[in-house]
Amino acid sequence: MGKCINHPDRETNYMCMKHNKYMCEECLKCPDPKIHCKFRPSCPVWFMDKKGGKDIDNKPAKQDKKKFNVIFQTENKKAVVEKGATLLDAARAADVPLNASCNGKGVCGTCKLVVLSGKTKSKPTPLLNDKEKEKNYVIACQTTVESDVTVKIPEEVQEKKLQIAGVGKKVTAKLKSLVKEITPMLINIPLKLEPPSLEDSISDLDRLNRGLDKSGRDTSRMSIGMKVMRELAGTMRNDNWNVTASVVKKKCSSEVLKVIPGNSKINSLGIAIDVGTTSIVVYLVDMENGNILAATSGHNRQAACGDDVINRIVCAEKDGIKKLSAMVLSTINGLINEAIHSAKVNRNQIDNAVISGNTTMTHLLLGIEPRNIRREPYIPSVSAFPIIKAEDIGLKINPISAVFIMPGPASYVGGDIVSGLLYTGLHREEALTLFIDIGTNGEIVLGNKDWLMTASCSAGPAFEGGGVRWGMRAEEGAIEKISLDSKTFDPLFAVVGDVLPRGICGSGMIDLISEMLQTGIIQPNGKINMDSSHPRYLHNGDEKAYIIAFANETSVEQDIIFTETDIDNIIRSKGAIFAGFIVLLNQVEMDFSMVERVIITGGFGQYLNIDKAITIGLLPDIERSKFKYMGNSSIAGAYMALLSEEYRIEATQISNNMTYIDFSSNNEFMDEFTSALFLPHTNMEVFPSVKIK
Ligand code: FES
């Protein structure tokens with residue numbers, strides 16, 4: 001909360017994310033409505049200005065020190081909060097995984113709860129329908145606690161298990177084939193040392209070094225910690241001079257991190273972690289042969305602080321970095337536990353780890369100050385990290401485990417993209433390749449073995465479900481494929497998990513918009529153009545919508561609809577990505593005809609229809625054989641770096657070789673973005689093969 005720029009006596013929650021200026025309801029106006037602002041997807045001023053919303057009371061709540069219990073029934077968790085705290089505050093305090101896409105601004109409707117008992121006070125909201133109100137649904141961030149209360153997360157918004165794309169035998173075999181030699185960071189070296197005698201009276205440490213030398217290690221640049229030296233005398237004599245030394249190899253040196261008695265073989269394991277803004281994936285890997293023993297995935301707990309990286313940074317500034325760090329760590333450690341149990345192994349066997357994530361995620365995980373990432377000129381605190389010990393960052397694996405963090409070239413292009421390149425190998429080939437990772441940011445890379453250019457086009461989280469009324473991730477209950485009957489407009493859809501639908505994910509949305517366009521349900525400007533008597537037409541307040549599934553066909557017992565605002569948000573996201581393609585190509589005086597390959601990665605689950613993505617203007621209208629969808633390349637790259645020193649070195653080279661272009665104040669990008677706000681584009685010559693009604 002801060003003071004309005006024009007009315008310093010007024011406190012307000014609305015802050016322009018670009019200029020860091022607070023505005024009260026009367027002054028809500030985007031200062032740069034015509035430019036493409038990278039903060040727009042999460043900017044409350046833009047949202048309220050565009051929505052014309054003036055419905056939230058900004059007066060500060062009176063402070064009352066009375067404390068109440070908030071019980072989250074399903075999760076069996078409890079928070080103690082002061083009177084007047086919101087239910088979202090309580091969920092965060094209790095570490096309950098409640099989504100809060102807009103970070104508590106009261107505009108997204110993802111933070112729904114059902115009040116089972118107790119007194120609460122809610123601000124008026126258009127985000128609940130009559131049925132929901134009857135069932136005591138509330139919007140958690142707009143509802144304050146007035147007594148002890150018990151709540152539950154409604155079934156339809158409870159997080160389900162994410163699909164892990166690509167850990168079948170085929171993909172595992174492909175990943176293994178990419179690693180020529182397994183070269184971990186930390187190795188356990190079994191040694192049989194000569195016992196000392198009057199003729200051989202060198203010190204214990206010299207004896208250890210001699211043993212290491214004999215085993216083929218170079219001890220000339222090897223250091224040893226105080227703790228290990230203090231324990232050395234006992235350790236070496238404990239098992240008749242048989243010991244195992246754990247040595248970590250760093251850039252130009254190595255260090256003995258631990259010596260234990262006994263020299264029997266240790267089955268060493270590794271862990272590759274993809275820390276996404278939305279979801280996290282963990283692979284547990286056998287470091288002997290590269291086999292993936294278990295793969296687990298879950299939602300990043302930080303989702304309680306908003307959908308995108310800007311909201312996460314804002315949250316860290318307000319609540320402290322430690323809190324955000326703890327949220328992501330609890331998700332990662334939970335997934336590690338699942339993997340350990342499923343593979344029936346001991347966590348202390350895990351002595352190597354690689355973490356791949358965008359720059360903000362990496363900063364927050366490591367507890368590094370992220371505030372300058374969102375302030376011009378957008379500088380990260382760290383872009384390349386030394387090898388870290390697991391205990392220093394709170395990973396619940398062997399405390400001395402060596403952790404490699406994927407380096408990232410810029411604040412908005414991070415280690416996850418470097419991982420993607422490592423996996424796809426575009427930087428090793430002659431062919432001019434366009435790479436796009438469709439997630440919250442929409443990062444693009446253009447180049448080949450000689451040069452690499454990169455940018456982030458702030459696409460926003462629409463393709464991951466953010467800002468879309470029934471949008472969701474590719475998890476159980478998500479409509480992932482859809483086609484429409486050209487006469488009846490009735491849909492035929494496939495749902496993840498083969499269950500009743502409860503929302504629609506990115507690939508489903510691409511299909512749906514393409515089909516709506518082809519059948520004439522929407523016009524190229526995204527406006528719905530249906531006969532108002534059609535049973536699938538809905539006029540909802542000011543807005544028109546298409547009913548994808550009627551209440552009795554869904555698991556949520558409500559109509560799943562697709563509104564004009566949803567379509568508008570998708571058009572903005574795809575427009576930003578397409579504009580990014582053009583501007584990057586223009587920078588090197590090239591065009592789409594020169595592009596030999598297009599690689600798409602991101603969280604679309606198992607499915608992405610390239611033709612339909614072209615029809616809506618997300619992907620360029622070029623030969624279809626040039627496209628390749630490669631799923632989650634961040635975890636694949638992390639796996640490669642986990643097993644191979646060569647790939648860890650290569651990752652650093654990729655990051656150093658990338659030239660970053662900032663689009664936030666690029667006029668050309670703004671013009672291209674505006675031109676792309678049409679289906680497929682304002683210039684149909686750019687999409688010659690797309691025919692629409
Ligand atoms: S409406 Fe509560 S977090 Fe968005």
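If you're wondering where the values come from, they're calculated on a predicted model, not measured in any experiment.

The rules behind each value
Residues numbered from 1 in each chain as written. Predicted model: local features only at pLDDT ≥ 70, side-chain atom pairs only at ≥ 80, totals over all residues. Heavy atoms only, no water. Helix = DSSP H or I, 4+ residues; strand = E, 2+ residues; numbered from the N terminus. Rg over C-alpha atoms; globule rule 2.2 N^0.38 Å. Buried < 20%, exposed > 50% of the residue type's maximum accessible area, 1.4 Å probe, protein only. Contact = heavy atoms within 4.5 Å. Pairing = 2+ DSSP bridges. Axes fitted to C-alpha atoms, helices over the stretch in contact; angles between N-to-C directions.

(A) Representation of the overall build of the protein. The helix and strand inventory of the protein stands at 17 helices and 33 strands. A compact globule built from 693 residues would reach a C-alpha radius of gyration of about 26 Å, and the protein, at 27 Å, matches this within 12%. Each of the three principal axes of the protein carries a C-alpha extent, and together these read 100 × 65 × 50 Å. For the protein, buried positions account for 57% of its 693 residues. Relative to all contacts within the protein whose residues are 6 or more apart in sequence, the contacts with residues 24 or more apart total 66%.

(B) Quick peek at the sheet that holds strand S13 (residues 222–224). What the four strands build is an open sheet, ordered S12-S14-S15-S13; its pairing is mixed. Lying at the two open borders of the sheet, with one neighbouring strand each, are strand S12 (186–192) and S13. The average angle at which neighbouring strand axes cross in this sheet is 35 degrees, direction not considered. With seven bridges joining them, S12 and strand S14 (residues 242–249) adopt antiparallel strand pairing.

(C) Spotlight on the sheet that holds strand S20 (residues 388–389). Read from one edge to the other, the open sheet built from six strands follows the order S18-S17-S16-S19-S21-S20, with strand pairing classed as mixed. Both edges of this open sheet fall to strand S18 (292–299) and S20, since each of them pairs with a single strand only. As judged from the seven bridges shared by strand S16 (residues 269–275) and strand S19 (residues 350–357), these two strands associate in the parallel manner. Looking across to S19, one finds that Ala272 is bridged to Val354. Contacting S16, strand S17 (279–286), S18 and S19, helix H8 (residues 321–343) crosses the sheet at an angle of about 145 degrees to S18. Against the sheet, helix H9 (residues 359–366) engages S16, S19, S20 and strand S21 (402–405), with an angle of about 135 degrees to S19.

(D) Spatial organisation of unusual backbone geometry. Each neighbour pair has its own omega, and for Glu376 with Pro377 the value is 0 degrees, a cis peptide bond. The step from Leu679 to Pro680 runs through a cis peptide bond, and the omega angle for that step is -5 degrees. Within the element layout of this structure, Pro680 appears in the segment after helix H17 (667–675). Here the phi dihedral of Asn76 falls at roughly 55 degrees; this positive angle occurs in a residue that is not glycine. Along the polypeptide, Asn76 turns up in the loop between strand S5 (67–72) and strand S6 (77–82). By relative accessible area, which is 69% here, Asn76 ends up exposed.

(E) Molecular detail of the pairing of strand S15 (residues 254–261). Relative to S15, S13 runs parallel, the two being bridged by three bridges. When the sheet's bridge partners are listed, Ile224 is paired in S15 with Val256. Pairing of S14 with S15 involves seven bridges; the strand directions are antiparallel. Paired with Thr244 across the two strands is Ile260, which belongs to S15. The antiparallel pairing of S14 with S15 creates a hairpin that spans four residues between the two strands.

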